[in-house]
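Below are the chains, spelled out letter by letter.
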Amino acid sequence: MTFPILGGNSAVGGYAIDNSIRLDDASNSHLSKTFASSGNKKTFTFSCWSKGQADTPRLVRTPSESNRKTFTLSCWVKRSAVSVSYEQSLYEVRPSAGTYFGVSFRNTGSPAPDELFIFSSAGSFNISLQGVFRDVSAWYHIVLAFDTTQATSSNRIKMYVNGNQVSTGYYNTYPAQNTDLIWNTNNQHTIGGSGFVPNDESSNFYLSEIHHIDGQQLDASSFGEFDSDSGIWKPKQYSGSYGTNGFYLDFENSGSLGADQSGNGNNFTPTNLASTDQMLDTPTNNFCVMNPLLLYDTAQFSQGNLRITQSSTNADGIRGTIGVKTGKWYWEIYNGGGNASPGIATGDANSREYIGGDSYGWSYFRDGNKYFNSSGTSYGASFTSGDVIGIALDMDNNQITFYKNNAGQGVAFTSLPDVDIFPGISTSNGISVTNIANFGQDSSFAGSKTRQNNTDVNGYGDFYYTPPSGFLALCTQNLATELTLDVDKSTDYFNSVLWTGTGSQRDVTGLDFQPDWVWIKSRGANRSHKLYDSSRGVYKALESDTTDSETSSTSQLQSFNSDGFGLGSGIVNNSGEQYVGWCWKAGGGSTSTNNDGGITSTVQANTTSGFSIALYTGIGTATSFGHGLGVAPKVVIVKSRSNGGSFPRWYIQHPTTGPGKVFFLDIGGNVITNSNYWGTAPDSSKVYIGNDIYGPNVNGSSNVAYCFAEVEGFSKFGSYIGNGSSNGPFIYTGFRPAFILLRSITTTQDYNMFDTVRSTFNVVSNQLRANQNFSEDTGATFLDILSNGFKCRNTALDKNQNGVQYVYFAFAENPFATSTGVAGTAR
């Protein structure tokens, strides 16, 4: 699908932010200003996006003095370095060691690294926002609104992240009523660093769209809104007044990056910031960067995760934050010295191996050879320090071409796999190296070259050389035109809901659809999971943690409603008990007879979201049944409705294990090799079942099958290898997950279930087990859910044992970029 380009770097429809600034700790880059007056009023609001706004007229009110009690700060920020040994300051006023006001990403002296921390000597308060902030692939919108005149302490500082008001974290001491804060005094105000302790509080992130509203406590809706098509929080133009010391920094003027656009003339002075630190990476057009969340040996990241340096001891294969399976994409790598090898890799590549050092990477070495699977062959010209290597990845034809200083070297590799392919850079062992990447946000390569300002055909990006015809920058606006996304609003097809039981008949609401598969689990009691679907009908339950046959009870699920479901007084609605329900939409309860297979099935299917429910009766000999999806499902889960006892179990076919192998949902046992369960992979119309007497085709057994096709931006079914570290593997999904089910396939471990309604912020600490009736585990550090995947933060055997393979099932909260170009936010 294509959309009209509205010029330059503007977003496809809606409000567009064109620029941000890049702050780097090595240079202590920051902005600063000392205001002329020190006010004594009570209210202010500070709001910012980490990206600039277009120049437009706006109403400005100039009161007689600034306000130290009431103000609002709003900004957008995209983090670069996380979990480091120093604080990264966002805002600070510190006239002396014992007099200070500040906001920073705090990484030391607290239980949770990467929390956002607000501190002040005036009023003696310390507040941390709920959750941690270590998503490096997308943008956060942070609004902090102060009014110390409020009688209720929690109203004196209101905090918003991506449009949602958040609570306090570990630190929760609010200022005393009517406290005069140090913000808005006639002392130096610093953004993105510290004028007092620069070596300890330098910052590594992008900033955009910074507002300071002097004299008002505003909420996030003054600066952003939820997109009606996807539910993603996005920027909007602020139209109110700013007050005396208010300002608005949009970073549109590369010659004056601290220019105030509010009309107040409150310009900030840039320190160690050059015109080359003005970036095109913004909340409305998010660009690819290199991903520091993978596990590396010696790689060091700087300059907004675009500059990579490596020591001479080990090789690392660095990958980007965006993977693609279709489209034509172009980026550039500047060789700053050393044995560079730009290339590409899949998500299965070893990040502690050079790109091309295994069968999951392809690269172009400095000596002119190309490498794949540790084998080098002659390819093109050699290159050296100062050369720019262009990479043209053509996933429509599954091939890649490299360019040296704009001279094509010919097609390097063909027959690339139809999986997510990531940009990559690396070095071989023994030689230190520096690489600087440009995915279209900075053709100066962090000041190493003179910017050339070449765009792609859509008008996006800033490249040193003009991209080959039809090749595009790796940014969310281009993802919108090149990726086929059928689901922008994931909650139209999958959603989760929480409720407290009442012990009497009630409706559970809050979904955006009528559910067809409802999976319910008590969170606080050791009770079996209860699974219902609209094909089998109300009252009828199966249990994922047992092999029992279907039961029927009128006191449990009683109806499938337009925005939820109705419950009776039974065990899914016990008074005072906490529950979670995971819900999928199929065909709205409308079934049809399907004769595609060797046996007849009754099917309801949703081809948009890739989910169908099929009912069939086994015949005991190898056959097939129709699934109704029109494409081959990746995952099939089958359970007998009529046979209980030890067999038949819940049989699962997953793409990682492939045909001829099966594992069971009801137990955490190893994968079983048995082609008599299903010896052939499903195709676009049929699921093939074998003749095992205990399998999914027992003669006369009534069965239900839940079938899932993988849908771009909505669902993903894959695997990863554990590393046994709290800095665990990063798993790319291409969307922000809402639900994750994972388990080991080589050891006897449980199925772990996570979601974003029980764990509304990182770290995810709520876990249920699909094969156990246990109550919810809480309080532990399990994983981070991110804008483009998830990262393990736990060393337990059932999640991240070193060398063990795990499979996962993931469904989206929202895509990384929608079909209309709305960029997903960081979590």
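**So, the overall build of the chain**
A count of helical and extended segments in the chain gives three helices and 59 strands. Taken along the three principal axes of its C-alpha coordinates, the chain extends 85 × 70 × 45 Å. Among the 827 residues that make up the chain, the fraction classed as buried is 64%. Surface exposure of the chain reaches about 25,300 Å², of which carbon and sulfur atoms provide 42%.

**Points about the nonpolar core**
The tendency in soluble globular proteins is for nonpolar side chains to be buried as a group. By size, the foremost hydrophobic cluster in this structure holds 110 residues, and its most contacted members are Ile118 and Leu207. Core analysis: the next-biggest nonpolar cluster, separate from the first, contains 55 residues, Trp582, Tyr706, Ile785 and Phe790 among them.

**Quick notes on the sheet that holds strand E53 (residues 730-732)**
Read across the sheet, three strands follow the order E53-E58-E57 without closing on themselves; strand pairing throughout is antiparallel. Strand pairing shows two members of the sheet lacking a second neighbour, E53 and strand E57 (783-786), which therefore form its edges. Across the sheet, the axes of successive neighbouring strands diverge by a mean angle of 15 degrees, strand direction being ignored. Bridge count between E57 and strand E58 (residues 789-792): four bridges; the pairing is antiparallel. Looking at the pairing, Leu783 lines up with Cys792 of E58.

**Brief notes about the sheet that holds strand E43 (residues 601-606)**
The eight strands lie next to each other as E42-E43-E44-E51-E46-E47-E48-E49, forming an open sheet whose pairing is antiparallel. Looking at strand neighbours, the two that pair on one side only are strand E42 (592-594) and strand E49 (672-673), the edges of this open sheet. Looking at chain direction, strand E46 (residues 635-640) and strand E47 (residues 651-653) are connected through three bridges and run antiparallel. Following the sheet pairing, Ile637 is matched in E47 by Ile652.

**A few points about the packing of aromatic side chains**
By the definition in use, this model includes 66 aromatic pairs. Relative to Phe101, the ring of Phe71 has its centre 6.1 Å away and its plane inclined at 75 degrees; by these criteria the two rings are edge-to-face. Of this pair, Phe71 sits in strand E4 (residues 67-79) while Phe101 sits in strand E6 (residues 99-106), and the two are 30 residues apart along the sequence. Relative accessible area serves as the criterion here: at 0%, Phe101 is assigned to the buried category. Between Tyr651 and Phe664 the ring centres are 5.5 Å apart and the planes differ by 75 degrees, which places this aromatic pair in the edge-to-face class. Here Tyr651, found in strand E47, pairs with Phe664, found in strand E48 (residues 661-664); they are 13 residues apart in sequence, far enough to count as distant. Residue class for Tyr651 comes out buried when judged on its relative accessible area of 1%. Classification of Phe664 by relative accessible area gives buried; the value is 5%. Sitting over the face of the ring of Phe117, Arg106 holds its NZ or CZ atom 4.4 Å from the ring centroid. A cation over a ring is seen here: Lys370 above Phe413, with NZ or CZ 5.2 Å from the ring centre.

**As for the side chain of Thr282**
Here Thr282 shows up in the loop between strand E19 (278-279) and strand E20 (300-302). When its relative accessible area of 0% is taken as the criterion, Thr282 is described as buried. Among the polar contacts made by the side chain of Thr282, one reaches the main-chain amide nitrogen of Asn285 at a distance of 3.0 Å.

**Quick notes on the side chain of Asn245**
By the secondary structure assignment, Asn245 is in the loop between strand E16 (233-235) and strand E17 (247-249). Assessed through its relative accessible area of 3%, Asn245 is described here as buried.

**Thoughts on unusual backbone geometry**
The residue after Asn762, namely Val763, is reached through a cis peptide bond having omega 5 degrees. Along the polypeptide, Val763 turns up in the loop between strand E55 (752-755) and strand E56 (768-769). At Asn406, a residue that is not glycine, the phi angle is positive and equals roughly 80 degrees. As for its position among the elements, Asn406 is in the loop between strand E29 (399-404) and strand E30 (407-413). Although it is not a glycine, Ala446 sits at a positive phi angle of roughly 55 degrees. Note on Ala446: relative accessible area 25%, which makes it partly exposed.

**Here's the deal with the environment of Asn305**
Inspection of the secondary structure puts Asn305 in the loop between E20 and strand E21 (307-310). What makes Asn305 buried here is its relative accessible area of 2%. In contact with Asn305, other than residues within four places in its own chain, are Arg79, Ser80, Val136, Val289, Met290 and Pro292. Reaching out from Asn305, the side chain makes a polar contact with the backbone oxygen of Ser80 at a distance of 3.4 Å.

**A word on the pattern of salt bridges**
When charged atoms on two side chains of opposite charge get close, those side chains can pair. Applying the stated criterion across every chain, the model contains 34 salt bridges. Among the ionic pairs, Arg22 bridges to Asp442, the shortest N-O distance being 3.2 Å. Of the two residues, Arg22 sits in strand E1 (residues 20-23) while Asp442 sits in the loop between strand E32 (433-438) and helix H2 (476-482), which places them 420 residues apart along the sequence. Its relative accessible area of 1% is what places Arg22 among the buried residues.

**What about the environment of Lys78?**
One can find Lys78 in strand E4. Through-space distance from the C-alpha of Lys78 to that of Ala709 is 33 Å; in sequence the pair is 631 residues apart. At 2.8 Å, the side chain of Lys78 and the side chain of Asn286 are in polar contact.

**Focus: the confidence of the model for the chain**
Residues of the chain with pLDDT of at least 70 account for 93%, and the chain-wide mean is 91. Counted against residues more than four places away or in other chains, residues 1-11, with its pLDDT under 50, gives 30 contacts. Contacts for the low-pLDDT stretch residues 41-46, under 50 throughout, to residues beyond four places or in other chains number 68 contacts.

**Structural notes on the state of the cysteines**
For the structure shown, the criterion picks out zero disulfides. In this structure Cys707 is a free cysteine whose sulfur lies 19 Å from that of Cys583, the closest cysteine sulfur available. Judged by its relative accessible area of 0%, Cys707 is buried.

Rules and cut-offs
Residues numbered from 1 in each chain as written. Predicted model: local features only at pLDDT ≥ 70, side-chain atom pairs only at ≥ 80, totals over all residues. Heavy atoms only, no water. Helix = DSSP H or I, 4+ residues; strand = E, 2+ residues; numbered from the N terminus. Buried < 20%, exposed > 50% of the residue type's maximum accessible area, 1.4 Å probe, protein only. Areas by Shrake-Rupley, 256 points an atom, 1.4 Å probe, with all protein chains shown as cover. Core = buried A, V, L, I, M, F, W, Y, C linked by side-chain atoms within 4.5 Å. Pairing = 2+ DSSP bridges. Axes fitted to C-alpha atoms, helices over the stretch in contact; angles between N-to-C directions. Phe/Tyr/Trp six-rings, centres within 6.5 Å; stacked < 30°, edge-to-face > 60°. Lys NZ or Arg CZ within 6 Å of the ring centre and 35° of its normal. Polar contact = N/O pair within 3.5 Å; in protein donor to acceptor, adjacent residues only side chain to side chain. Contact = heavy atoms within 4.5 Å. Salt bridge = Lys/Arg side-chain N within 4 Å of Asp/Glu carboxyl O. pLDDT = per-residue confidence, 0-100. Disulfide = S-S within 2.5 Å.

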